[in-house]
Amino acid sequence: MLSVNEQALDIFNDIFEYPEDYNAASHELDNGARIVDAGVSVPGGYQAGRTFTEICMGGLGDVNFTMGQIKGIPMPFIEVSTDFPSIACLGAQKAGWTVKVGNYFAMGSGPARALSLKPKHTYEVIGYEDECDTAVICLESDHLPNGEVMQTIADACKVDVANTCAIVAPTSSIVGSIQVAGRCVETAVYKLNELGFDTRKIVAGFGTAPVPPVRGAKRAMGVTNDATIYHGQIALTMKAPEIKDYLEKIPSNKSKGYGKPFNEIFKEAGYDFYKIDTSLFSPAEVVINELSEGVVYHVGEVNPDVALKSFGLQ
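Overview of the structure. (Residues numbered from 1 in each chain as written. Predicted model: local features only at pLDDT ≥ 70, side-chain atom pairs only at ≥ 80, totals over all residues. Heavy atoms only, no water.)

Looking at the nonpolar core
Alright, step 1. Ranked by size, the top nonpolar core spans 38 residues in total, and within it Leu 192, Phe 197, Leu 236, Met 238, Ile 243 and Ile 288 carry the most contacts.
Alright, step 2. Counting residues per element, this core draws most heavily on helix 8 (residues 184-194), at five residues.
Alright, step 3. Those residues in contact with Phe 197 that sit more than four places away from it in its chain are Leu 192, Ile 202, Met 238, Ala 240, Glu 242, Ile 243 and Tyr 246.
Alright, step 4. Counting residues in hydrophobic clusters, the runner-up holds 21 residues, among them Tyr 104, Ala 106, Leu 115 and Cys 157. (Core = buried A, V, L, I, M, F, W, Y, C linked by side-chain atoms within 4.5 Å. Buried < 20%, exposed > 50% of the residue type's maximum accessible area, 1.4 Å probe, protein only. Helix = DSSP H or I, 4+ residues; strand = E, 2+ residues; numbered from the N terminus. Contact = heavy atoms within 4.5 Å.)

Considerations on the pattern of salt bridges
Alright, step 1. All told, the structure shown has eight salt bridges when counted by the stated rule.
Alright, step 2. Across the pair Glu 264 and Lys 309 runs a salt bridge, and its minimum N-O distance is 3.2 Å. With Glu 264 in helix 10 (residues 262-268) and Lys 309 in helix 11 (residues 304-310), the pair connects residues that are 45 residues apart, well separated along the chain.
Alright, step 3. The exposure class assigned to Lys 309 is partly exposed, which follows from its relative accessible area of 43%. (Salt bridge = Lys/Arg side-chain N within 4 Å of Asp/Glu carboxyl O.)

A few points about the packing of aromatic side chains
Alright, step 1. On inspection of all chains with the given rule, the structure shows seven aromatic pairs.
Alright, step 2. With a centroid separation of 5.4 Å and 75 degrees between ring planes, the pair formed by Phe 197 and Tyr 246 is classed as edge-to-face. Within this pair, whereas Phe 197 is found in the loop between helix 8 and strand 9 (202-210), its partner Tyr 246 is found in the loop between strand 10 (233-238) and helix 10, the two being separated by 49 residues in sequence. Each of the two residues, Phe 197 as well as Tyr 246, counts as buried.
Alright, step 3. Here the aromatic rings of Phe 262 and Phe 281 are separated by 5.6 Å at their centres, their planes lie at 55 degrees, and the arrangement is tilted. (Phe/Tyr/Trp six-rings, centres within 6.5 Å; stacked < 30°, edge-to-face > 60°.)

Observations regarding the sheet that holds strand 1 (residues 25-28)
Alright, step 1. Strand order in this open sheet of six strands is 1-2-8-7-6-5, and the pairing throughout is mixed. Two strands lie at the open edges of the sheet, namely strand 1 and strand 5 (97-101), each paired on one side alone. Direction aside, the axes of adjacent strands within the sheet are offset by 30 degrees on average.
Alright, step 2. Of the pairings in the sheet, the one linking strand 7 (residues 135-140) to strand 8 (residues 164-169) comprises six bridges and is parallel in character. Residue pairing across strands places Ile 137 opposite Ala 166, the latter belonging to strand 8.
Alright, step 3. Along the sheet, helix 6 (residues 147-157) contacts strand 2 (34-37), strand 5, strand 6 (104-109), strand 7 and strand 8; its crossing angle with strand 5, the most-contacted strand, is approximately 135 degrees. (Pairing = 2+ DSSP bridges. Axes fitted to C-alpha atoms, helices over the stretch in contact; angles between N-to-C directions.)

Things to note about the pairing of strand 5
Alright, step 1. Only one face of strand 5 is buried: it carries Trp 97, Val 99 and Val 101, and the other face, with Thr 98 and Lys 100, is open.
Alright, step 2. Of the strand pairs in this sheet, strand 5 and strand 6 are connected by five bridges, and their pairing is antiparallel. Looking across to strand 6, one finds that Val 99 is bridged to Ala 106.
Alright, step 3. Hairpin remark: strand 5 followed by strand 6, antiparallel, with two residues in the connecting loop; positive phi at Gly 102, about 60 degrees.

Side note on the packing of helix 3 (residues 85-93) against helix 8
Alright, step 1. In contact at an axis separation of 9 Å, helix 3 and helix 8 are set at 90 degrees when each is read in the N-to-C sense. By the angle class used here, helix 3 and helix 8 are roughly perpendicular. When helix 3 is examined against helix 8, the residues Pro 85, Cys 89, Leu 90 and Gln 93 are found in contact with a partner set consisting of Val 185, Glu 186, Val 189, Tyr 190 and Asn 193. (Parallel < 35°, antiparallel > 145°, perpendicular 65-115°, else oblique.)

Let's talk about a negative patch on the surface
Alright, step 1. Negative charge collects at one region of the surface, where Asp 14, Glu 17, Glu 20 and Asp 21 lie side by side.
Alright, step 2. Within the secondary structure layout, Glu 17 lies in helix 1 (residues 4-17). (Patch = residues over 30% accessible without salt bridge, like charges linked within 9 Å, V, L, I, M, F, W, Y side chains within 5 Å. Areas by Shrake-Rupley, 256 points an atom, 1.4 Å probe, with all protein chains shown as cover. Lys, Arg positive; Asp, Glu negative; His and termini not counted. Charge placed at Lys NZ, Arg CZ, Asp CG, Glu CD.)

Remarks on a nonpolar patch on the surface
Alright, step 1. A contiguous nonpolar surface patch, about 240 Å² in accessible area, is contributed by Tyr 46, Ile 174 and Val 214.
Alright, step 2. Position of Ile 174 relative to the elements: it lies in helix 7 (residues 174-181).

Describing helix 3
Alright, step 1. Among the nine residues in helix 3, nine count as buried, and that is most of the element.
Alright, step 2. Residues of helix 3 that are buried include every one of Pro 85, Ser 86, Ile 87, Ala 88, Cys 89, Leu 90, Gly 91, Ala 92 and Gln 93, and no others.

Structure representation (structure tokens):
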């Protein structure tokens, strides 16, 4: 069985040992826990963003960048691929761990979840559980964790606190924009899982989404999510003829809240996240190659106008 923590540790060690190559900073706490700041008090950048995303996927994804366009406007795009979609996206990358210790709060994702089994149901569904004596977590936060936070993470993962590693970046940062856009494949896999589809039948995934501009802390969550909701394009390869029964529910344009930048939808919901139709968190456009019948399906479409409005370009 592949160990997402072991795979990610190799990537983490490089950025921890050579942080200056990434516009990052390394910290070792008194209890031995290791932390990489990729955007809290440092600028970060594309290489740190690539590394954050690859760690988040448990070392089972490849990340690249290209220059694209949205309605003729130049825009950086992230490209993500994986040959282990279920484990990489749901077993590691999914932001399934709310880390709250005292006044500290962060959204936790990455391979450490496969040790803490947060949430446990996800790992039961995909039939995966990691075994490793080191835990590597990705934290979306504008503050670095202290020793107490890292001890809490270590306890949940059943590892020594000196064997816990965290890479941290706020949503409103270059790395934040990159790593959220880098969840484009995950949104498709997550959506299918939520619909009851067996994601273990997906054999490969490839996705691209624009890397949104950094527009400040208040807009960050909406702007970063809009990159995939309105311009995420995903290709999945699978062996599952039953996928035809799920097609129409996959893309974001089937959501009741679709058609406005996320921040407008959030405001109309009274800033109550639970009032938002969760089916909105889906990619804009998906192509599926179903291998057993040799057919190709296409659902959804990009919405460049809403994407540009969210990005402050229209």
